[in-house]
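So you can see what is in the structure, the chains are spelled out below.
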Amino acid sequence: MKVFGGVVILVLGYLLLWPVPIAPISWQAPSSSGFSGEFIENNRLAGLSFIELGADKGPEDFAINAAGTIATATHSGAVLLKKKGEAAFTPWINTGGRPLGIEFDTNGNLLIADAHRGLLIADPEGELTVLVNQVENTKVVYADDVDVADNGNIYFTDATTKFFAKEYGATYRHASA
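Residues numbered from 1 in each chain as written. Predicted model: local features only at pLDDT ≥ 70, side-chain atom pairs only at ≥ 80, totals over all residues. Heavy atoms only, no water.

Caption draft 1: Layout of the pairing of strand β3 (residues 78-82). Of all 5 residues that make up β3, 5 are buried, and the element is covered over most of its length. Neither face of β3 is left uncovered, since the one carrying Ala78, Leu80 and Lys82 and the one carrying Val79 and Leu81 both have all their residues buried. Joining the antiparallel neighbours strand β2 (residues 70-73) and β3 is a turn of 4 residues, in which Gly77 adopts a positive phi near 100 degrees. Sheet topology note: the β3/strand β4 (residues 90-94) ladder contains 4 bridges and is antiparallel. (Buried < 20%, exposed > 50% of the residue type's maximum accessible area, 1.4 Å probe, protein only. Helix = DSSP H or I, 4+ residues; strand = E, 2+ residues; numbered from the N terminus. Pairing = 2+ DSSP bridges.)

Written out as structure tokens, the structure reads:
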């Protein structure tokens, strides 16, 4: 044991005293010129106000269609609409899951990435259809976001293949823990 301790001390001494080609020098940071140029302080968001959703919570995304209607989806599965000129959101449909990402397509349909159900589409009348719930024999378990490209192609993400949002009982609680 004494031999091992001696070897450790020798190795540590060797490493501590070994010359290295680094010669540290001090650096003096320039004095701050404050917020200037593109970083100048602004108050453009100071006048924002919260939009009441009643007892609902948890909108993660919103979408605006060609007519100016705003859609948002909530923790309860409800998709709410606020038409141009209206003061409040009103319930439209409920996915029965947890809608996260939403996007209108060029035909006025609302695409919905639902963490429990997959990729859904709601036509302008509110008819809800599952578009995709599996890809190449792999179940979509946590559809998270959706986007429509200029050419009409639809892209969506599945945030995981391991942790089923529905099995874990929520998306919001686990993501904010």
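Caption draft 2: Spatial organisation of a nonpolar patch on the surface. There is a patch of nonpolar side chains on the surface, built from Val3, Val7, Val11, Tyr14, Leu15, Trp18, Val20 and Ile22 and spanning about 870 Å² of accessible area. Considering the arrangement of structural elements, one finds Val7 in helix α1 (residues 2-17). For Val7, a relative accessible area of 43% puts it in the partly exposed group. (Patch = residues over 30% accessible without salt bridge, like charges linked within 9 Å, V, L, I, M, F, W, Y side chains within 5 Å. Areas by Shrake-Rupley, 256 points an atom, 1.4 Å probe, with all protein chains shown as cover. Salt bridge = Lys/Arg side-chain N within 4 Å of Asp/Glu carboxyl O.)

Caption draft 3: How the structure looks around the nonpolar core. With 12 residues, the main nonpolar core is built from Ala63, Ala71, Ala73, Val79, Leu81, Ile93, Ile102, Phe104, Leu110, Ile112, Leu120 and Ala122. At the level of secondary structure, the elements contributing two or more residues to this core comprise β2, β3, β5 (99-104), β6 (110-114) and β7 (118-122). Residues in contact with Ala73, not counting those within four places in the same chain, are Gly58, Pro59, Glu60, Asp61, Ala78, Val79, Arg98, Pro99 and Ile102. Membership of the second largest hydrophobic core comes to 8 residues, among which are Leu111, Ala113, Val140 and Val148. (Core = buried A, V, L, I, M, F, W, Y, C linked by side-chain atoms within 4.5 Å. Contact = heavy atoms within 4.5 Å.)

Caption draft 4: Layout of the confidence of the model for the chain. Confidence in the prediction of the chain, expressed as mean pLDDT, is 86, and 92% of residues score 70 or more. The least confident element of the chain, judged by mean pLDDT, is helix α2 (residues 172-175) at 48; the most confident is β6 at 96. (pLDDT = per-residue confidence, 0-100.)

Caption draft 5: Spatial organisation of unusual backbone geometry. We note that Glu136 has phi near 45 degrees; this positive angle belongs to a residue other than glycine. Within the secondary structure, Glu136 sits in the loop between β9 (134-135) and β10 (138-139). Given a relative accessible area of 76%, Glu136 falls into the exposed group. Not every positive phi belongs to a glycine, and Asn137 is a case in point at roughly 65 degrees.

Caption draft 6: Local environment of the sheet that holds β3. Ordered in space as β1-β2-β3-β4, the 4 strands form an open sheet in which the pairing is antiparallel. Here the strands that pair on one side only, and so sit at the sheet edges, are β1 (62-64) and β4. Pairwise comparison of adjacent strand axes, ignoring direction, gives a mean angle of 25 degrees for this sheet. (Axes fitted to C-alpha atoms, helices over the stretch in contact; angles between N-to-C directions.)

Caption draft 7: Structural view of the sheet that holds β6. One open sheet accounts for 4 strands, arranged β5-β6-β7-β8; its pairing is antiparallel. Of all strands in the sheet, those with a lone pairing partner are β5 and β8 (128-132), marking the two edges. For this sheet the average axis-to-axis angle between neighbouring strands, irrespective of direction, equals 30 degrees. The pairing of β7 with β8 spans 4 bridges and is classified as antiparallel. Bridge assignment links Ala122 to a residue of β8, and that residue is Leu128.

Caption draft 8: Quick peek at the pairing of strand β11 (residues 143-148). Bridging between β11 and strand β12 (residues 154-158) involves 5 bridges; their strand directions are antiparallel. Considered in β12, the bridge of Ala143 is made with Asp158. The turn linking β11 back onto β12 is made up of 5 residues, and Gly152 within it adopts a positive phi angle of 95 degrees.

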